[in-house]
Amino acid sequence: MLNAPPEHRYTLILMLTINAVSIVAMQFIVPAMPDLVGEFATTPAMVQLTLTMFMLGYAAFQIAYGPLSDRYGRKGVVMWATLVFIAGSFLGAVAPSIEVLVIARVLQSVGAAAGFVLPPAVARDIYGHDGAPRAIGWISISAGLAALSAPYFGGLIHETAGWRWGMGFNGVLGIAILVACGLLLAESHPIARRQSVGFAGLARGYAALARSRRFMGYLLATAFVNGAFYAFFAGGTFVAIQILGLSPSQFGLLTIPVVALFLPSAYLSVRMAARFGSTRIIALGTLTTAAGSIGLLFVALSGDVSVPAMLVASALLGWGNGQVIPNATAAAVNLFPKLAGTASASLGTAQMGMGAVASLLFGLLHDGTSTPMAALMAVMGLAAVLSCGLIIAARRRPAVA
């Protein structure tokens, strides 16, 4: 896959696995959400919190994990976070009420956040400036495979055994990761390269990132394309099951084009960026995402939403995300090599924070039609296109870490 020192021969595989499981945990329960309304005698908005609060916790703790791993190393942070993830998963499996399930999902997200923010930083540690884009491309592909399988298998497990077994399955995955990391994961961030994690140091690190218009362009581009995806994901389960009459597992099949096109897009776009420049590829990806979102909005407004329309929008979202996320992530992390963990945390926080906003807004705006979902997607897609202006304006001004 990529050349690495002998002590790190298992590191990339472990990072791919950790990243994938964090995505699985987020999405596994989504196909069951319409049924949770009746099971807990609650409202769709309350059930939506099981996704929204997960993404908020996922976003908030990345802010801490990045700098903490810059100061104390990557392995210890991964081990601690995995323990929290295991606890949240098993608590969710036995949750007696929707309130306890929401709390369990927050705990799950606190642990899973490390699986999103640390792999790009570890890739930068091991493979350096030149190798990091390829490694991060593989991480994006593993996340895509997880996103492809999680909705379908989550729906299948819910149909055959119940969503509680899915939560328990996440706990078992967490135990396997804890054992594997304890035995096989080598520290990639040596003591000599670590920096202080005091409040002042945190503030200086994040302030340095915020002052870079180019970094902020990368951050906003990834955040808004991710927001478009989660508007589709959060709203799509209700549209597919309540309007189109699909089953939970069939909703999972509806998301296949997102990842089926994300994977080749992510793979090819990293190589295309080496030839044509990452800025052009990122801009093309945001335009593709916006096109799919706006097209679905026109269909929704016509009142003729259908499975083919959802599949086409899903495919365009997948291709656009694959062009934007790996290239923008690698470019942003490479801008500040001494703050790789902090930069990765900022990107992850922005992506999941925007996803949480999209999920929350859908829960508030849901009116039994497909229009709120499509409108949110269109707004996010257009904002992603506009964010490329920051990258283009600053591309000739080098950042100073």
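Shown above is the structure to which this text applies.
Summary of the structure given here.

Parameters at a glance
Residues numbered from 1 in each chain as written. Predicted model: local features only at pLDDT ≥ 70, side-chain atom pairs only at ≥ 80, totals over all residues. Heavy atoms only, no water. Helix = DSSP H or I, 4+ residues; strand = E, 2+ residues; numbered from the N terminus. Rg over C-alpha atoms; globule rule 2.2 N^0.38 Å. Buried < 20%, exposed > 50% of the residue type's maximum accessible area, 1.4 Å probe, protein only. Contact = heavy atoms within 4.5 Å. Lys, Arg positive; Asp, Glu negative; His and termini not counted. Charge placed at Lys NZ, Arg CZ, Asp CG, Glu CD. Patch = residues over 30% accessible without salt bridge, like charges linked within 9 Å, V, L, I, M, F, W, Y side chains within 5 Å. Areas by Shrake-Rupley, 256 points an atom, 1.4 Å probe, with all protein chains shown as cover. Salt bridge = Lys/Arg side-chain N within 4 Å of Asp/Glu carboxyl O. Axes fitted to C-alpha atoms, helices over the stretch in contact; angles between N-to-C directions. Parallel < 35°, antiparallel > 145°, perpendicular 65-115°, else oblique. Nonpolar A, V, L, I, M, F, W, Y, C, P; charged D, E, K, R; others polar. Core = buried A, V, L, I, M, F, W, Y, C linked by side-chain atoms within 4.5 Å. Phe/Tyr/Trp six-rings, centres within 6.5 Å; stacked < 30°, edge-to-face > 60°. Expected span 1.5 Å × (residues − 1). Bend = angle between axes of the 7 residues up to and from the residue.

1. Concerning the overall build of the protein chain
When you go through the protein chain residue by residue, the secondary structure sums to 14 helices and zero strands. Reading the secondary structure of the protein chain in the N-to-C direction produces α-α-α-α-α-α-α-α-α-α-α-α-α-α. Relative to the globule expectation of 21 Å for 401 residues, the C-alpha radius of gyration of the protein chain, 20 Å, shows essentially globular dimensions. Buried residues in the protein chain amount to 60% of all 401 residues. Within the protein chain, counting contacts between residues at least 6 apart in sequence, those at least 24 apart form 87% of the total. Counting 21 positive and 11 negative side-chain charges, the protein chain places the centres of these two groups 20 Å from one another.

2. A closer look at a nonpolar patch on the surface
Judged by side-chain polarity, Y10, F90, V172, I175, V179, L183 and L184 come together as a nonpolar surface patch covering roughly 640 Å² of accessible area. In terms of residue count, the dominant contributor to the nonpolar patch is helix α6 (residues 163-184) (five residues). On the secondary structure map, Y10 appears in the segment before α1 (11-27).

3. A look at the packing of helix α8 (residues 213-243) against helix α14 (residues 371-394)
The N-to-C vectors of α8 and α14 enclose an angle of 170°; their axes lie 7 Å apart at closest approach. Between α8 and α14, the angle falls in the class roughly antiparallel. Grouping the amino acids of the contact of α8 with α14 by side-chain chemistry returns 20 nonpolar, six polar and two charged.

4. A short note on the pattern of salt bridges
A complete count under the given rule lists one salt bridge for this structure. Between E39 and R164 there is a salt bridge, and its shortest N-O distance comes to 3.7 Å. Highlighted residues: E39 in helix α2 (residues 33-39) and R164 in helix α6, separated in sequence by 125 residues. Judged by its relative accessible area of 42%, E39 falls in the partly exposed class. For R164, a relative accessible area of 27% puts it in the partly exposed group.

5. Observations regarding the nonpolar core
Counting 126 residues, the largest nonpolar core has Y58, L101, F215 and L296 as its most contacted members. Counting residues per element, this core draws most heavily on helix α5 (residues 98-160), at 23 residues. With near-sequence residues (within four places) excluded, L296 lies in contact with F232, A309, M310, A313, M373, A374 and M377.

6. A look at unusual backbone geometry
Phi at A41 is positive, roughly 50°, even though this residue is not glycine. Counting through the fold element by element, A41 comes out in the loop between α2 and α3 (44-72). Residue A41 is classed as exposed on the basis of its relative accessible area of 71%.

7. Observations concerning the packing of aromatic side chains
Taken as a whole, this structure holds seven aromatic pairs when the rule is applied. Between F61 and Y65 the ring centres are 6.2 Å apart and the planes differ by 45°, which places this aromatic pair in the tilted class. Here Y65 and F61 lie together in helix α3, a separation of four residues that amounts to about one turn. The buried category is assigned to Y65, whose relative accessible area is 3%. Joined through ring pairs, the aromatic side chains of F61, Y65 and W80 make up one cluster.

8. Thoughts on the environment of Q351
Take Q351: it is sitting in helix α13 (residues 340-365). With sequence-adjacent residues up to four places away left out, Q351 is seen in contact with F116, T222, A223, N226, I325 and T329.

9. Considerations on α8
Compared with an ideal rise of 1.5 Å per residue, which puts 31 residues at 45 Å, α8 spans 42 Å between its outermost C-alpha atoms and is within 8% of the ideal. Of all bends in α8, the biggest is about 40°, found at G235. Among the 31 residues that make up α8, 26 are buried, leaving the element largely enclosed by the rest of the structure.

10. Let's talk about the side chain of S22
Looking at the secondary structure, you find S22 in helix α1. Excluding anything up to four places from it in sequence, S22 contacts F54, Y58, A112, G115 and F116.

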